[in-house]
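The lines below spell out each chain.
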Amino acid sequence: MLVNGKWAADWQPVQGTDGKGGFVRESAGFRNWITPDGSAGPTGDGGFAAEAGRYHLYVALICPWASRTLVARHLKRLEKVVSVSVVEPALSEQGWRFATPDADTGARFMHEIYTLAAPGYTGRATVPVLWDKQRRTIVNNESADIVRMFNAGFGALADATVDLYPDRLRDAIDALNDGLYHGLNNGVYRAGFATTQTAYEQAFHDVFDTLDRLEKRLAGRTFLVGSQLTETDIRAFVTLVRFDVAYHGLFKCNLRRIADYPNLSAYLKRLLAIPGFRETVDIDHIKRGYYSIKALNPSGIVPLGPDVPEIAEVERRQAA
Ligand SMILES: N[C@@H](CCC(=O)N[C@@H](CS)C(=O)NCC(=O)O)C(=O)O
């Protein structure tokens, strides 16, 4: 991680804990918003008006948080408005690395983008990052905000027929998102990075309680909230699609696979068939990325399995 703008070499073990072996995720440091007219959004400063070609999104394809923003970018048809670059799947000794120096900034590592924006930055150099090429700064590095900006911040530059956070569903979306974050999106991380048996077991039960609830909720419904696709489906998707290949093994979430839940696996298949979802999934990056986390897998050996039909289908299409 960065400490006062300098890369601290012993960053790998420096995961936040709550003193009882529970994993604590750091909150994001840049919280400005892109808006149609450049006025300030719910947090941060103004001055970030929607413009084609001005903003750039840095992602890792292993990362579920970054992948949320990629799905939203596709669904809102912002592919030609916001450019993207993808870091290498495995974390290096200096965190996320670009395979070739970044075109806009010349950076070789993601942490250099952070220090360009804030020379004295202290914190983890996480993805996703939404970068402003004009002001040469980070607009925002919180995926939940970036999804909402893509949904509503780009005005006429985005597809107005798609609304991932409709007014009338907001309360239901917010309520479900909270449970999903704690029990699933971050729940798998709490299980994987727990350093005590008690913290692991708590997270493990939260994860499978949440999956059981989702399985029931999906009986007879197409999407999680209302009758339309919303950001809640994107949030569920990014964790579900990684579950059997990464979290079941590496994060020890091994009571059941998604493939063992009929409704959840049908739902995952349904989402994969919607243009904008499958394009963001790279099973090879996901596997190599997660299994490169040295603290959890010192040998770096990447498992060959599992054999899951939905995953095999994604891989087959990518190879074609
Ligand atoms: N709050 C962030 C979390 C992003 C996050 O934790 N990204 C991970 C990858 S999945 C990361 O970049 N980790 C590098 C690190 O912690 O050093 C968001 O949702 O955007």
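This is a predicted model, so every value here is computed, not measured.

**Student:** Any chance you could break down helix H9 (residues 283-290) for me, citing the residues and the numbers?
**Tutor:** Among the 8 residues in H9, 6 count as buried, and that is most of the element. Buried-residue contacts for H9 involve helix H1 (64-75), strand S6 (83-86), helix H5 (187-192), helix H7 (231-247) and helix H10 (309-319). Put simply, Asp282 is the residue that caps the front of H9, since its side-chain oxygen is 3.1 Å from the backbone nitrogen of Asp284.

**Student:** For the pairing of strand S5 (residues 55-59), give the residues involved together with the corresponding values.
**Tutor:** With respect to burial, S5 is a largely interior element, 5 of its 5 residues being buried. Here S5 shows two buried faces, one formed by Tyr55, Leu57 and Val59 and the other by His56 and Tyr58. Pairing of S5 with strand S7 (residues 129-132) involves 4 bridges; the strand directions are antiparallel. Bridging from a neighbouring strand, Tyr58 pairs with Val129 of S7. Here 4 bridges tie S5 to S6, and the two strands are oriented parallel to one another. From the neighbouring strand, Leu57 faces S6, where its bridge partner is Val84. For the crossover from S5 across H1 to S6, the handedness is right-handed.

**Student:** Tell me about the side chain of Thr69, and name the residues and values.
**Tutor:** Structurally, Thr69 can be placed in helix H1. Engagement of the side chain of Thr69 in a polar contact is seen with the backbone oxygen of Ala66, the distance being 2.6 Å. Apart from the residues within four sequence positions on either side, Thr69 is in contact with Leu57, Val59, Pro128, Ser143, Ile146, Val147 and Phe150.

**Student:** Can you explain the pattern of salt bridges? Please cite residues and give values.
**Tutor:** Tallied over the full model, the rule gives 17 salt bridges. Ionic pairing is found between Asp104 and Arg136, a salt bridge with its closest N-O pair at 3.5 Å. Of the two residues, Asp104 is situated in the loop between S6 and helix H2 (110-117) and Arg136 in the loop between S7 and strand S8 (137-140); the sequence distance between them amounts to 32 residues. Between Arg190 and Asp206 there is a salt bridge; the shortest N-O distance is 2.8 Å. Taken together, the residues span a long stretch of sequence, with Arg190 in helix H5 and Asp206 in helix H6 (residues 197-217) at a distance of 16 residues. We classify Asp206 as buried; its relative accessible area is 15%.

**Student:** For the side chain of Lys287, give the residues involved together with the corresponding values.
**Tutor:** Assignment of secondary structure puts Lys287 in helix H9. No salt bridge is formed by the buried Lys287. Its closest oppositely charged neighbour is Glu315, at 4.9 Å. If sequence neighbours within four positions are ignored, Lys287 has contacts with Val245, Val302, Pro303, Leu304 and Gly305.

**Student:** Describe the site of the ligand, and please don't skip the residues or the numbers.
**Tutor:** For the ligand, the set of nearby residues contains 14 residues, the closest of which are Arg25, Cys63, Arg124, Glu142 and Ser143. Within the side chain of Arg124, one N or O atom sits 2.6 Å away from an oxygen atom of the ligand.

**Student:** Tell me what's going on with H6, and back it up with residues and numbers.
**Tutor:** The first and last C-alpha atoms of H6 sit 30 Å apart over 21 residues, in line with the 30 Å expected at 1.5 Å per residue. Of all the residues in H6, the buried ones are Ala199, Tyr200, Ala203, Phe204, Asp206, Val207, Phe208, Thr210, Leu211, Leu214 and Glu215. Buried residues in H6 make contact with helix H4 (170-185), H5, H7 and helix H8 (262-272).

**Student:** Give me the lowdown on the environment of Leu57, citing residues and values where you can.
**Tutor:** Within the fold, Leu57 resides in strand S5. Under the relative-accessibility criterion, Leu57 is labelled buried at 0%. When the C-alpha positions of Leu57 and Thr69 are compared, they lie 8.6 Å apart, and in sequence the two are 12 residues distant. With near-sequence residues (within four places) excluded, Leu57 lies in contact with Thr69, Leu70, Arg73, Val82, Ser83, Val84, Ser85, Pro128, Val129, Leu130, Ile146 and Phe150.

Reading guide: rules and limits
Residues numbered from 1 in each chain as written. Predicted model: local features only at pLDDT ≥ 70, side-chain atom pairs only at ≥ 80, totals over all residues. Heavy atoms only, no water. Buried < 20%, exposed > 50% of the residue type's maximum accessible area, 1.4 Å probe, protein only. Helix = DSSP H or I, 4+ residues; strand = E, 2+ residues; numbered from the N terminus. Contact = heavy atoms within 4.5 Å. Polar contact = N/O pair within 3.5 Å; in protein donor to acceptor, adjacent residues only side chain to side chain. Pairing = 2+ DSSP bridges. Right-handed = clockwise from strand over helix to strand, strands pointing away. Salt bridge = Lys/Arg side-chain N within 4 Å of Asp/Glu carboxyl O. Lys, Arg positive; Asp, Glu negative; His and termini not counted. Near = heavy atom within 4 Å. Expected span 1.5 Å × (residues − 1).

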